[in-house]
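Single-letter residue listing:
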Amino acid sequence: MSQVGVQLCRVWVTMLLLLLSAPVEGGELCLMRSVLISLQRVQAASFTKQEILDLPLGARPALYCSNKCTLRDWCQLWCAYPSNTPTHCLVSNITVMPTYQETNMADVLTCHTTRPKDLATYANITAGKQPMSDPLRVKENLLDGFYNYNTDHCFLTELSNSDRWFTLDFGQPKCFQHVILYAQVNYLAIIQFNNVQVRVSNVTAVTPPEDFAAYDLFGEFPGAASPGQVVEMKSPKPVCARFVTGHMLYNYYFQVCHIEVF
């Protein structure tokens, strides 16, 4: 979702909440989508911004909590808890995709995320080698549908050009217009996310990254990212492809923390 789209969504929801006096039960307002996630996982995300708000007596969580999230430009997720008789709203900037699959079902909640349904979550991924000194920063971190702004939840490659890449495989051609990449939140983003190209193709027989130039250029980010920058590449019309590649041309370790394709 583009930043303009997010702002229009927030304005639309705010106007709706002001104009309608009838409560909203169930469902989701605007582009918010339901997702199951552990309350413990959300609250333990120490690198995120979040607030816990008291739910007024008689208030409808779907209306009250959605409104509180919408009025905070950093909010990407809201949850009402406990599940049976909610008394609190938790609003957070944590990134959770609608297709995220929770593994800790002990305290799972039905929360609501502003993130779109996408193709990257749980796609197949291949990538260059990662440093042995950073065993947690594996390529699978990019596709689990969850990002809490901890750099150990990112993917880091080795230094050489032969390793500064990743390829998503959707199994068959899929159509999309957006590729979004999240840079890390610390100052190293300026050298670990710098001069990045995204290419697309339906051809499998190439040697990465040397032969990526044979793929169609979807978008590029020619400069150095700022800490925590969300880089959005958008095509003017839908592109249909099986493979999406990312390649950093700058001669340093490549680190990317989250990917969305929709």
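The name recorded for the protein in an unreviewed UniProt entry is F5/8 type C domain-containing protein, from Petrolisthes cinctipes.

## Topic: the overall build of the protein
When its secondary structure is counted, the protein shows four helices and 15 strands. Counting only residues that meet the buried cut, the protein has 48% of its 262 residues in that class. By sequence separation, contacts in the protein at least 24 residues apart represent 74% of the contacts at least 6 residues apart. A total of about 12,300 Å² of accessible surface is found on the protein, and carbon and sulfur atoms cover 55% of it.

## Brief notes about the pairing of strand E10 (residues 165-182)
Side-chain positions along a regular strand alternate between the two faces of the sheet. Judged from the four bridges that link them, strand E7 (residues 124-127) and E10 form a sheet pairing that is antiparallel. Paired with Ala-127 across the strands is Phe-166, a residue of E10. Of the pairings in the sheet, the one linking E10 to strand E13 (residues 230-248) comprises 13 bridges and is antiparallel in character. Paired with His-178 across the bridge in E13 is Lys-234. The pairing of E10 with strand E15 (residues 258-261) spans four bridges and is classified as antiparallel. Looking at the pairing, Val-179 lines up with Val-261 of E15.

About the criteria used
Residues numbered from 1 in each chain as written. Predicted model: local features only at pLDDT ≥ 70, side-chain atom pairs only at ≥ 80, totals over all residues. Heavy atoms only, no water. Helix = DSSP H or I, 4+ residues; strand = E, 2+ residues; numbered from the N terminus. Buried < 20%, exposed > 50% of the residue type's maximum accessible area, 1.4 Å probe, protein only. Contact = heavy atoms within 4.5 Å. Areas by Shrake-Rupley, 256 points an atom, 1.4 Å probe, with all protein chains shown as cover. Pairing = 2+ DSSP bridges.

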